[in-house]
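Fold and contact review
Single-letter residue listing:
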Amino acid sequence: MRRLENILLWNLMAAVILLGQARPNVKLNLQSSSGLRSDCVGNLMRLSLDKALAVGNQLEVEAINGTEHIALTPSLAAQCGYSMESDPWGNTRIYTSLMACYVDNKEDTTFNIGLRLQMYSQSPSDVVSHDVTQTCSYTQWASREILCDRNYMEVSNYMATPDAQAKEDNSKINTIPDASGSAQGIWKVTFYTPEPVSMVLREAEQAGYGAMMTSNRLVMRSPYNTAETYAEDVAGIPMEVFRVSAYYKAPHGLSVVNLAAACPTGGVLFQDDVISWHIPRRVTPLIDGSFKVLEMHMGISGQRLAKSEMAARGYTLSTTDFHIVVEIPLGSPDGYYKSHAPDYQYHITYTVEPMLEVLWRADNTQDETRYKVLFPITTPLMPQLPHVRDDTVPEARVFSVNLGTFLHDVELRNITLSEVLTIEECNARGYTVQEHRFPNGSKSFSLQVPFDTDAVLEHNPEPLVTVYFLPLIFGFIILPEETPFAHPVELQASLQDVVLPTITGTCDQSQFYASVKYGTQRNFQTLVGPRQLTPELAEGYSFQENSTHFSIAVPYNSMDTEFEIITSDSVRARLDLLLYDPINSWALADLYLACNFPLMTTKCYPNGTVTALAVKVQSVRNLNPSWLTLKDQSCKPAFSDDRFAYFSFSVDSCGTTRTFFDHYMLYQNEIGLHYENDEGAAHTSPIDPDYKQTVSCYYVVNDTQSVAFSYKPRSYNPTAEIGLGQLMVQMQLALDSSYESFYKAEDYPVVRFLRQPVYFEVELMQSLDPHLELILENCWATLHEDRTSLPSWDIIVDGCENHDDGYMTIFHHVVSDARVAVPSHFKRFSVKMFTFTKDEEILKDEIYIHCDAVICDTNSQADGACRGQCVHPAGMSNSRQGIKGGLKKARRSTDSRRLSSGPILLLNAQLNF
């Protein structure tokens, strides 16, 4: 929150203060001091300039140094110990450190400060000057004084043995000379950022730092956000830190003084109409060991407040283990409110300038530190929607409205009725506009418009009824910036009954369609379900209107519809539409339209993911869908609102059960209500103890899937349809035995030498179920792509190697790695390249490999292929009598997953197998 850019700057071009343009220019009387007040506040001099003194003028400030007048630019002000704060209306305060440049310092006890105020009006030559002098006496210097002002940090240390040469040149102490400043006794300074950076005095002054010696003290000053300052978090409060070692000439030789300042740049909280300002209780950059707080004071605008004054204003100053806390009620008379209009909407802020002053003493020493912080605070923008009070009495035939409240800086400029009119034009036409002021400075505006003027719209729904309508837009500006904003108001009155309109409605597969015939009545409100049909809602419902009708299209799943019944493939929804006269509290017409709409509530995916949609129906109106869980109560909806609960889970989680049948697997779970009391004991639902929905997924190995469930009201349990699914298996040819790289489709035919190993991998895809295992039942080779073609040669028979083969198949063990999540879902084997021959001649120089794979439940005790890969004893008779060149007929499993790979081309074709 440290705020150089928010502080009114000092030079004429970029920092001239605009002190208001709401009233004619007023020149200052050179001899008059009216509107100027100066006082001493501790180690500061404060000059207050009232807006009445210089309204319509611009201000430039100069420091008086003997016969010299030095214009205080922003950089020079921060370097020399001057700051300024001004509100938007020109009330200005100028603060001068008693250790500032150009201050006449008498032995660090008496300080003479002179400032010249230059007032410019429209022309730069039309200037009025006013000199202000103030003498301050300050003797309560602590060993170390730290001042945190708006634009600079200042620290001064008591010098036990001051430099004699500095005493002799006391007249030059408080200046910024062109020379290096050797007369001041300071030789060089070393900044810690925290890395050390050394400069001679001239370099430090050119960098914008202030350094000087008085008769008893050494002073260092730094603007904020310079290269040699750094940010540090202290007890959760952001602070800017300034550390420096100053080397100076003393009678006994060269001496050094270490100085440090740390100033808060944040720590403000806004809550419950209270501003809380937190400052670290232990400012660690300034305190090495233990310490004791001797004094602690809170103030406003640099001035301390007595405890009685704080109590009267509701201020508190307290401490916690880590912070000093200043609390200021929002709206305190020591601050001010300001109007704003971001995006043409009315907002306000509140600004106040608290001060904290703390005196502490380090243990085991007499050294004391006075820590003083001036910290202007402005709240964030607070929206203030103007309140509209309709005071219309229809029988009086006059619209009457009051709009407010606003701050004193808001002015009503115009009102839009049928056209834009100034306030003077409104009053001239018989529209009475008045401004009402309240004791706290706020204001409101009232308007009266007779029914029989051209600005009022009217219509007759029946011969005996007249309805009057008046749309308004109030146009405001905020002073002194003249920022515009507007506020619309609509007024309506009726003297008698209305003609009822009529409603008709239809449905299609996704929406309700409602049409309203006006008849002669147009001034009514429409309720769609529980909500009023506002312009924003109407836009979402495709509102269309002509001279006789309006229509809307409402999606069946809109929040304004009701669900009555849900089945496995549809939902019955109802739209309630009500036309309502807000003035007479009459229901003009209503429509209750119920239709069935298709809705798929559950989906089962091949990778074992299940999604289910639970729907709140009218019969369980008090149900909160977020309360629903699966069997495992930790499995809550992935998404829920006040109407739906959407679940997404895998079949091996959330308490899902699995059942195996001959050719399929059935996964089931249940959506229901579960509660726990404060002691953690479960109990039944206070809403619907029997509420539950069963979700089922039915997977068939070689088929597609569809899953659904059936929901019924609380009188009976929902049922679920059995779903179908498929499990994918793929076979790949690896480049080598590492099984890290595989041939792609464009790489075929793959070329191999005779008896060179060929490596195959078979994988169960899109499943993470660790209880499933892939088994290779049979694998064989053919000359042609047709898996049933002859001749063929067995590679794997009933899950084992073909023992009739001179070069048997080798199974390779599979372990988990980056590719393999579940090793039981993979099988790897290799065979040596061969070819088919007949009568010592090669029949063909390429082969194809085919496999039948089955998917088994590892928990099952089933016999056959599901007992595991090659669990048959060695030497067991082979069920397939494969030969090299003979023809062969063998039944291939129709229940297994079928795989093929090839062709694989023999490179050395003249060799025999």
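This structure is a prediction, so every number in the text was calculated from the model and none was measured.

Per the secondary structure count, the chain includes eight helices and 73 strands. Within the chain, the proportion of its 913 residues that are buried is 49%. Across the chain, contacts joining residues at least 24 apart in sequence account for 65% of those joining residues at least 6 apart. Element-wise, carbon and sulfur atoms account for 49% of the exposed surface of the chain, whose accessible area totals about 42800 Å².

Within strand β64 (residues 757–764), seven of the eight residues are buried, which leaves it mostly tucked inside the rest of the structure. When strand β62 (residues 729–734) meets β64, the two strands line up antiparallel, connected through six bridges. Across the sheet, Q730 pairs through a bridge with E763, a residue of β64. In this structure, β64 lies alongside strand β69 (residues 826–832), joined through seven bridges in antiparallel fashion. Bridging from a neighbouring strand, Y759 pairs with S830 of β69.

To continue, consider the environment of T378. Within the secondary structure layout, T378 lies in strand β30 (residues 377–378). Separated by 26 residues in the primary sequence, T378 and V352 have C-alpha atoms spaced 6.6 Å apart. Within polar-contact distance, the side chain of T378 engages the side chain of T351 at 2.9 Å.

Next up on the list: the sheet that holds strand β21 (residues 274–280). Taken together, the four strands give an open sheet; going across it, the order is β20-β21-β25-β24, and neighbouring strands pair in antiparallel fashion. The outermost strands of the open sheet, each flanked by one partner alone, are β20 (268–271) and β24 (316–319). Along the sheet, successive strands turn relative to each other by an average axial angle of 20°, direction set aside.

Here we come to the state of the cysteines. On inspection of all chains with the given rule, the structure shows seven disulfides. Here C40 pairs with C136 through a disulfide, and the sulfurs are 1.9 Å apart. Taking the sign of the S-S torsion, about -90° here, the bridge from C40 to C136 comes out left-handed. Linking C40 in strand β2 (residues 36–41) with C136 in strand β10 (residues 127–137), this pair joins segments that are 96 residues apart in sequence. Owing to a relative accessible area of 30%, C40 belongs among the partly exposed residues under this scheme. For C136, a relative accessible area of 1% corresponds to the buried category. Shown here is the disulfide that connects C148 with C263, its sulfur atoms set 2.0 Å apart. Residues C148 and C263 are joined by a disulfide whose S-S torsion is about -85°; by sign, that bridge is left-handed.

The subject of this paragraph is the packing of aromatic side chains. Aromatic rings in a pair are described by how distant their centres are and how their planes are angled relative to each other. Using the criterion set out here, one finds 33 aromatic pairs in the structure. Geometrically, the ring pair formed by F474 and F476 is stacked, given 6.4 Å between the ring centres and 20° between the ring planes. Among the aromatic residues, those joined into a cluster by ring pairs are Y346, F406, F445, F474, F476 and F485. The ring of Y247 has K188 sitting right over it, with the charged end atom 5.1 Å from the ring centre.

Bridging between β24 and strand β25 (residues 323–329) involves four bridges; their strand directions are antiparallel. Across the sheet, residue S318 finds its bridge partner in β25, namely V325. Remark: three residues form the turn of the hairpin made by β24 and β25, two consecutive strands paired antiparallel.

This next bit is on the pattern of salt bridges. Counted by the stated rule, this structure contains 31 salt bridges. With a closest N to O distance of 3.0 Å, R150 and D149 form a salt bridge. Of the two residues examined, R150 and D149, each falls in the buried class. In this structure, R361 and E368 form a salt bridge, with 2.7 Å as the shortest nitrogen-oxygen distance. Each member of the salt-bridge network shares a partner with another, and the members are E85, R93, D149, R150 and E353.

All right, on to the environment of E490 then. If you trace the backbone, E490 turns up in strand β40 (residues 483–494). Its relative accessible area of 61% is what places E490 among the exposed residues. Between the C-alpha atom of E490 and that of P471, which follows or precedes it by 19 residues, the distance is 4.3 Å. Excluding its chain neighbours within four sequence positions, the residues that come into contact with E490 are F469, L470 and P471.

Strand order across the open sheet formed by four strands is β2-β3-β7-β6, with antiparallel pairing between neighbours. In this open sheet, the two edge strands, each paired with only one partner strand, are β2 and β6 (82–86). On average, adjacent strands in this sheet sit at an angle of 15° to one another, irrespective of strand direction. Here six bridges tie strand β3 (residues 44–49) to strand β7 (residues 92–97), and the two strands are oriented antiparallel to one another. Note that in β7 the partner of R46 across the bridge is Y95.

Turning our eyes to something else, we now look at the side chain of D852. Residue position: D852 is located in strand β72 (residues 846–857). Look at D852 and you get buried, because its relative accessible area is 0%. A distance of 2.4 Å separates the side chain of D852 from the side chain of R787, its partner in a polar contact.

Glancing now at the nonpolar core. F512, I552, F760 and F829 are the most contacted members of the largest nonpolar core, which totals 86 residues. Looking at this core, the element that brings in the most residues is strand β49 (residues 586–598), giving six residues. The next biggest cluster of nonpolar side chains, apart from the first, holds 57 residues, and it includes A262, C263, I287 and F375.

Considering the arrangement of structural elements, one finds I796 in strand β66 (residues 792–797). It is 9.7 Å that separates the C-alpha atoms of I796 and D852, two residues lying 56 residues apart in sequence. Residues within four places of I796 in sequence aside, it is in contact with L776, E777, N778, C779, T809, F811 and F829.

With omega at 0°, the peptide bond leading from L479 into P480 counts as cis. In this chain, L790 is followed by P791 through a cis amide linkage whose omega measures 5°. In this structure, P791 sits in the loop between β65 (772–782) and β66. Here D108, not a glycine, exhibits a phi torsion of approximately 60°, which is positive.

Summary statistics for the chain give a mean pLDDT of 82 and a share of 83% for residues scoring 70 or more. pLDDT under 50 marks residues 162–184. Its contacts with residues more than four places away, or in other chains, come to 50 contacts. Within the model, the stretch residues 908–913 combines pLDDT values under 50 with 19 contacts to residues more than four positions away or in other chains.

Examined against the element boundaries, S824 turns out to sit in the loop between β68 (810–812) and β69. Other than its neighbours up to four places away in sequence, S824 contacts P770, L772, E773 and L774.

Basis of the calculations
- Residues numbered from 1 in each chain as written.
- Predicted model: local features only at pLDDT ≥ 70, side-chain atom pairs only at ≥ 80, totals over all residues.
- Heavy atoms only, no water.
- Helix = DSSP H or I, 4+ residues; strand = E, 2+ residues; numbered from the N terminus.
- Buried < 20%, exposed > 50% of the residue type's maximum accessible area, 1.4 Å probe, protein only.
- Contact = heavy atoms within 4.5 Å.
- Areas by Shrake-Rupley, 256 points an atom, 1.4 Å probe, with all protein chains shown as cover.
- Pairing = 2+ DSSP bridges.
- Polar contact = N/O pair within 3.5 Å; in protein donor to acceptor, adjacent residues only side chain to side chain.
- Axes fitted to C-alpha atoms, helices over the stretch in contact; angles between N-to-C directions.
- Disulfide = S-S within 2.5 Å.
- Phe/Tyr/Trp six-rings, centres within 6.5 Å; stacked < 30°, edge-to-face > 60°.
- Lys NZ or Arg CZ within 6 Å of the ring centre and 35° of its normal.
- Salt bridge = Lys/Arg side-chain N within 4 Å of Asp/Glu carboxyl O.
- Core = buried A, V, L, I, M, F, W, Y, C linked by side-chain atoms within 4.5 Å.
- pLDDT = per-residue confidence, 0-100.

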